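Residue-level structure breakdown
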Amino acid sequence: MAFDFPSSPTEGQLFTPSGGQAYIYRAPAWELVPKIGGAPFSALANNNIILNGGFDFSREYGNGITNGWVNYTYPFCDQWSTGNRVATPGSVNFSHGNVAPPAPHPFASAFAFCGKSQVYGAGTSFPTASDYFLIEHKIEGSRMAPLGFGFANAIPATLSFWVYASVTGTFNVMLANYPESGGSWRTYSHNFTVNAANTWEFKSFTYPPDTSGGITNWKQHNVLGGLLEFCFGAGSGQKGQTPDAWVDWVTNSTPAQSNFFASVNNAVYLTGVSLLPGSVGPTAAESLQLRRPYAEEQMLLQRYWHDYWYIIYPSSQWYMSTQLTSMRATPTVTTDPAAAGLYTGSVGPHSFGVYADAYGAHHIYLNARL
Amino acid sequence: MADYRLTDTDKFVVRTKADPHNPNAGEAWIPNDPLNMDWVEYQEWLAEGGVPDPYVEPPPPPPTEGETVAYDHENRIRTLEGQPPMPLPDFMKRVARKPIKLF
């Protein structure tokens, strides 16, 4: 039986011959669409290694960070942080916000939020060679484990996301490890191009597996196991990374890196980020289905950061609670406002207790981030 | 003031430096857990020569309503017995409340 595939197919076009299995066009060839036990494509959402890929949650810093472009790492959205080193900080706000531009955007209401980085003051030309500007996603080793990186039977990982930028240019997305002492840095950088300014564009790329180094290079337990880093600007000394190859970590970007933050109001938005085990990722249309239920996503995020309100009344009371989601590690305990007379908290990954003399309502934060 | 302060136990250290993006946040109690990134950062700070502030005994907590009632009751008995009233600090030492260490 011969198939009469459509001529001049478009990227992502589906074709199901009579009595046959579905094919999808990914230039330059048609690929068989894998059957996934009859499950809808949305079932793959549980395989998404990325947490909060839709930037729905920004629980600690609310709508974001004003002028967060400093030499700190800040989680401006859950699991997403700044990762910058700049000698002369510019004026950039990092925020969690509604997907506003352009209207209507191509993904309807599937992604209501995005991660925004926008210059509100002077832009920068990255005058210092060692400067760089990253949006960083830290991945726990247990979430990287399905890829099997470090071993001969490792499988590829397919990254997909939506990006919107006020200027065109080339940016780099690096997938990297975080090795044990004695291990080696392993990074794979791929350049993406923003083809049109002020337009949401869908991007996808399959990272080949890294098949050596074992768990010394690719940790698989409850520690930092992987990094996904979006670079939107870098100084001249930060552009030495070889693209499209597994190499040592030399710099944070490649020679093709553009500067997306040269002028006031320049902005870059990201949403719908997924990293799936295997070489098949969603098409732009399918990406809308690749979402875990909101409540499930929230539970997963509570492994890294959680907050409670507790009331001390009358004074001198213990407040104790058991976490619904076990945290990644014993968390740091912070109260807001500062609780006068807060005594040693008794804290573990599964429960915590604090003792305070001050009567009143307190907001407590538990932080077990990577 | 250093960025950190010791506690009465080696299970915790207190980070006292403010978070510029969350000015309302109080001191952070960082557990002695090598998987906790704040603890890792504290270890790096120590390695770079940082010296934490020493542990400071917190001031005694004010008496609760129940303790005040008990204190007044104690002194009424002492008056009946012809003894001088007991100073409040002495009474509070006798009924000293100490946080329970659960773990």
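Residues numbered from 1 in each chain as written. Chains lettered and ligands numbered in written order. Predicted model: local features only at pLDDT ≥ 70, side-chain atom pairs only at ≥ 80, totals over all residues. Heavy atoms only, no water.

1. Brief notes about the overall build of chain A
A count of helical and extended segments in chain A gives four helices and 21 strands. Across the 370 residues in chain A, those meeting the buried criterion constitute 56%. Restricting the contact set of chain A to residue pairs at least 6 apart, pairs at least 24 apart contribute 72%. Counting only carbon and sulfur atoms, one obtains 54% of the accessible surface of chain A, whose full area is about 14400 Å². (Helix = DSSP H or I, 4+ residues; strand = E, 2+ residues; numbered from the N terminus. Buried < 20%, exposed > 50% of the residue type's maximum accessible area, 1.4 Å probe, protein only. Contact = heavy atoms within 4.5 Å. Areas by Shrake-Rupley, 256 points an atom, 1.4 Å probe, with all protein chains shown as cover.)

2. Here we look at the pattern of salt bridges
Pairing between side chains becomes possible if they bear opposite charge and their charged atoms approach one another. Residues and elements named next belong to chain A. Counting across every chain of the model gives 11 salt bridges over all chains. The partner of E140 in a salt bridge is R303, and the shortest N-O contact between them spans 2.7 Å. Of this pair, E140 sits in strand β8 (residues 132-140) while R303 is found in the loop between α4 (294-301) and β16 (305-312), placing the two residues 163 residues apart along the sequence. The partly exposed category is assigned to R303, whose relative accessible area is 24%. (Salt bridge = Lys/Arg side-chain N within 4 Å of Asp/Glu carboxyl O.)

3. Considering the sheet that holds strand β13 (residues 224-234) of chain A
In space, the six strands of this open sheet follow the order β5-β8-β13-β10-β11-β14 (chain A), with antiparallel pairing throughout. Strands at the two margins of the open sheet, each flanked by one partner only, are β5 (80-82) and β14 (246-247) of chain A. (Pairing = 2+ DSSP bridges.)

4. A word on the sheet that holds strand β1 (residues 14-15) of chain A
All names here are of chain A. A sheet is described by the order of its strands in space; here three strands give the open sequence β1-β2-β3, paired in antiparallel fashion. Each edge of the open sheet is held by one strand with a lone partner, namely β1 and β3 (29-32). Of the strand pairs in this sheet, β1 and strand β2 (residues 23-26) are connected by two bridges, and their pairing is antiparallel. Looking at the pairing, F15 lines up with Y23 of β2.

5. Some remarks on the environment of L370(A)
Residue placement: L370(A) occurs in the segment after β21 (360-367). When the C-alpha atoms of L370(A) and H306(A) are compared, they prove to be 14 Å apart, with 64 residues separating the residues in sequence. Discounting residues that sit within four places of it in the chain, L370(A) has contacts with K138(A), I139(A), E140(A), V223(A), L224(A), Y304(A), R328(A) and M37(B).

6. A closer look at unusual backbone geometry
All names here are of chain A. Unlike most non-glycine residues, Q79 shows phi in positive territory, near 70°. You can see Q79 is positioned in the loop between β4 (64-65) and β5. Of the residues examined, Q79 reaches a relative accessible area of 11% and is grouped as buried.

7. A short note on the packing of aromatic side chains
Residue and element names in this part refer to chain A. Tallied over the full model, the rule gives 36 aromatic pairs over all chains. On the basis of an interplanar angle of 15° and a centroid distance of 5.2 Å, the ring pair of Y164 and Y269 is categorised as stacked. Of this pair, Y164 sits in strand β9 (residues 157-165) while Y269 sits in strand β15 (residues 267-277), placing them 105 residues apart in sequence. With centroids separated by 5.7 Å and ring planes inclined at 20°, the aromatic side chains of F171 and F192 adopt a geometry described as stacked. Residue F171 is found in strand β10 (residues 169-177), and its partner F192 is found in strand β11 (residues 187-194); the two are separated by 21 residues along the sequence. In terms of burial, F171 and F192 fall into one category: buried. (Phe/Tyr/Trp six-rings, centres within 6.5 Å; stacked < 30°, edge-to-face > 60°.)

8. Examining the side chain of N252(A)
All names here are of chain A. One can find N252 in the loop between β14 and β15. At 3.4 Å, the side chain of N252 forms a polar contact with the side chain of W249. When near neighbours in sequence (up to four residues on either side) are disregarded, N252 contacts Y132, L134, N172, M174, E229, C231 and Q238. (Polar contact = N/O pair within 3.5 Å; in protein donor to acceptor, adjacent residues only side chain to side chain.)

9. Observations concerning empty space enclosed by the protein
Residues and elements named next belong to chain A. With the rule as written, the count across this model stands at one cavity of 30 Å³ or more. One number sums up the size of the largest cavity: a volume of about 50 Å³. In terms of lining residues, the largest cavity is bounded by F55, F76, G115, K116, S117, I135, F232, V268, Y269 and L270. Taken together, the residues that form the lining of the largest cavity break down as seven nonpolar, two polar and one charged. (1 Å grid on protein atoms, 1.4 Å probe; cavity = no way out; pocket = protein on both sides within 12 Å on 5 of 7 lines; lining within 4 Å. Points joined across faces, edges and corners; volume = space filled by probe spheres on them. Nonpolar A, V, L, I, M, F, W, Y, C, P; charged D, E, K, R; others polar.)

10. A look at the nonpolar core
Residue and element names in this part refer to chain A. Counting residues in each nonpolar core, the largest one holds 40 residues, and the members touching the most others are F161, F171, F230 and F232. Looking at this core, the element that brings in the most residues is β9, giving five residues. Once residues within four sequence positions are removed from consideration, F171 is found in contact with F161, V163, H190, N191, F192, V194, F230, C231, F232, Q257 and F260. (Core = buried A, V, L, I, M, F, W, Y, C linked by side-chain atoms within 4.5 Å.)

11. Here's the deal with the side chain of T334(A)
Here T334(A) is to be found in strand β18 (residues 332-336). The buried category is assigned to T334(A), whose relative accessible area is 10%. Among all residues touching T334(A), those that are not within four sequence positions of it are H363(A), I364(A), Y365(A), A25(B), G26(B), E27(B) and A28(B).

Purely spatial values, then, with no claim about function.
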